[in-house]
Every structure is written in C-alpha cells, then in structure tokens.
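A look at the structure
Here is what each chain is made of, one letter per residue.
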Amino acid sequence: MKARVKSTGEIVNICFSPVICIESGHSRSWFPQELEYMNDNARYKVKTCKQTCGACPSQWDIFTDDDRYIYARYRWGWLSLTLNCGENNSQVIFAQAIGDELDGCMDLGELIAITSPLLDWSGDVIYN
C-alpha cells in the first residue's frame with residue numbers, strides 16, 4: 001500500500017506485518033509518521049459487525065452491503081482495517097496510531113467514531 005508522508009510529501013510503501021513499518025527506497029523505518037493513505041477513498045456501507053475478540057487485540061469481522069469482508073484490529077495502539085483479509089487481493093484501507101504502544105482495548109463505540117469517515121455505519125447494521 002502506498003501513502004504520502006505529510007511532513008515531506010514523499011510517497012512511501014507501507015507494510016503491516018508483523019508491525020507497521022515504512023519502506024522508502026532500500027530502507028525501512030519503524031516509527032509512526034503522519035500519513036495520507038492513497039486508497040480509492042471509497043466509503044463502505046456496513047451490513048454486519050461481529051466482535052471476535054474483546055481485548056489484546058480488540059477485533060471485529062465486518063461485512064459490507066456488497067458482501068466485502070473487512071477485518072478490524074486494534075493492538076499495540078494501532079487500529080487497522082483490512083479489506084478482503086486473507087485473500088490474495090487483501091488491502092489495508094486504514095491504519096492509525098490511536099493509543100499508546102501497549103493498548104489493545106477498544107469498544108464498538110470507539111471503532112464507529114474513528115472509522116466513520118471510511119465506513120458508513122448508518123442504517124440497519126446487525127451487531128452480533
């Protein structure tokens with residue numbers, strides 16, 4: 001996934017496994033920077049949301065109204081959303097430092113508030 005470093009304007013590659021790092025040229029950095037993610041800026045309408053783990057990590061399985069799967073995970077202070085997680089075409093569509101480096105607890109209200117610019121939670125969402 002590509003992103004732009006806000007402070008420098010540099011386009012970098014982002015890798016998210018096992019932790020978030022930034023690849024630029026032949027070097028990697030492991031420190032967080034303020035980034036602008038370069039996805040298609042799509043807004044996904046949530047149909048169902050199931051919390052699969054409550055803490056360390058807090059995680060959810062989210063399905064959209066067009067049956068896309070989004071894996072939401074909060075661990076080490078980072079919240080990430082991965083579209084088509086586990087598939088060859090998986091793509092991290094959101095990643096942001098939210099808490100401190102040991103934080104792994106987030107409730108549904110926080111998830112909704114933080115992801116609302118990307119996920120449309122309005123309508124008849126089924127929460128299991």
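Residues numbered from 1 in each chain as written. Predicted model: local features only at pLDDT ≥ 70, side-chain atom pairs only at ≥ 80, totals over all residues. Heavy atoms only, no water.

Another aspect to go through is the overall build of the chain. Within the chain one finds one helix and 12 strands. Pairs at least 24 residues apart make up 42% of the contacts formed inside the chain by residues separated by at least 6 positions. Accessible surface for the chain amounts to roughly 7,400 Å². Of this, 49% is attributable to carbon and sulfur atoms. (Helix = DSSP H or I, 4+ residues; strand = E, 2+ residues; numbered from the N terminus. Contact = heavy atoms within 4.5 Å. Areas by Shrake-Rupley, 256 points an atom, 1.4 Å probe, with all protein chains shown as cover.)

With that settled, consider the environment of Phe63. On the secondary structure map, Phe63 appears in strand E7 (residues 58-64). Through-space distance from the C-alpha of Phe63 to that of Ile126 is 9.8 Å; in sequence the pair is 63 residues apart. With residues near it in sequence (within four places) discarded, Phe63 still touches Lys45, Val46, Lys47, Thr48, Arg68 and Tyr69.

Time to look at the side chain of Ser80. Within the element layout of this structure, Ser80 appears in strand E9 (residues 78-83). We classify Ser80 as buried; its relative accessible area is 15%. Look past the residues within four positions of Ser80 in its chain and what remains in contact with it is Tyr71, Ala72, Arg73, Phe94 and Ala95. (Buried < 20%, exposed > 50% of the residue type's maximum accessible area, 1.4 Å probe, protein only.)

This part is about the packing of aromatic side chains. Counted under the stated rule, the structure contains two aromatic pairs. Where Trp121 meets Tyr127, the ring centres are 6.4 Å apart and the plane angle is 5 degrees; that geometry is what we call stacked. In this arrangement the basic side chain of Arg75 is found over the ring face of Trp76, its NZ or CZ atom lying 4.2 Å from the centre. (Phe/Tyr/Trp six-rings, centres within 6.5 Å; stacked < 30°, edge-to-face > 60°. Lys NZ or Arg CZ within 6 Å of the ring centre and 35° of its normal.)

Within the fold, Arg75 resides in strand E8 (residues 69-75). Buried within the structure, Arg75 lacks any salt-bridge partner; its nearest side chain of opposite charge belongs to Asp103, at an N-O separation of 8.7 Å. Here the side chain of Arg75 touches Cys56 through a polar contact of 2.9 Å, landing on its backbone oxygen. The contacts of Arg75, once residues within four sequence positions are left out, are Cys56, Pro57, Asp103 and Gly104. (Lys, Arg positive; Asp, Glu negative; His and termini not counted. Salt bridge = Lys/Arg side-chain N within 4 Å of Asp/Glu carboxyl O. Polar contact = N/O pair within 3.5 Å; in protein donor to acceptor, adjacent residues only side chain to side chain.)

The subject of this paragraph is the nonpolar core. Within the largest apolar cluster, 19 residues are counted, with the highest numbers of intra-cluster contacts made by Ile62, Ile70, Leu81, Leu111 and Leu119. The residues contacting Ile62, other than those within four sequence positions of it, are Val46, Thr48, Cys49, Arg68, Tyr69, Ile70, Ala72, Leu111, Leu119 and Trp121. (Core = buried A, V, L, I, M, F, W, Y, C linked by side-chain atoms within 4.5 Å.)

So, about the pairing of E8. Across the seven residues of E8, five count as buried, placing the element largely inside the fold. Across six bridges, E7 lies against E8 in antiparallel orientation. Each residue of the ladder has a partner; that of Ile62, found in E8, is Ile70. In this structure, the hairpin formed by E7 and E8 is closed by a connection of four residues, where Asp67 is found at a positive phi of approximately 65 degrees. Relative to E9, E8 runs antiparallel, the two sharing six bridges. Bridging across to E9, Arg73 finds its partner in Ser80. Where E8 folds back on E9, the antiparallel hairpin that results is connected by two residues, among which Trp76 adopts a positive phi of roughly 60 degrees. (Pairing = 2+ DSSP bridges.)

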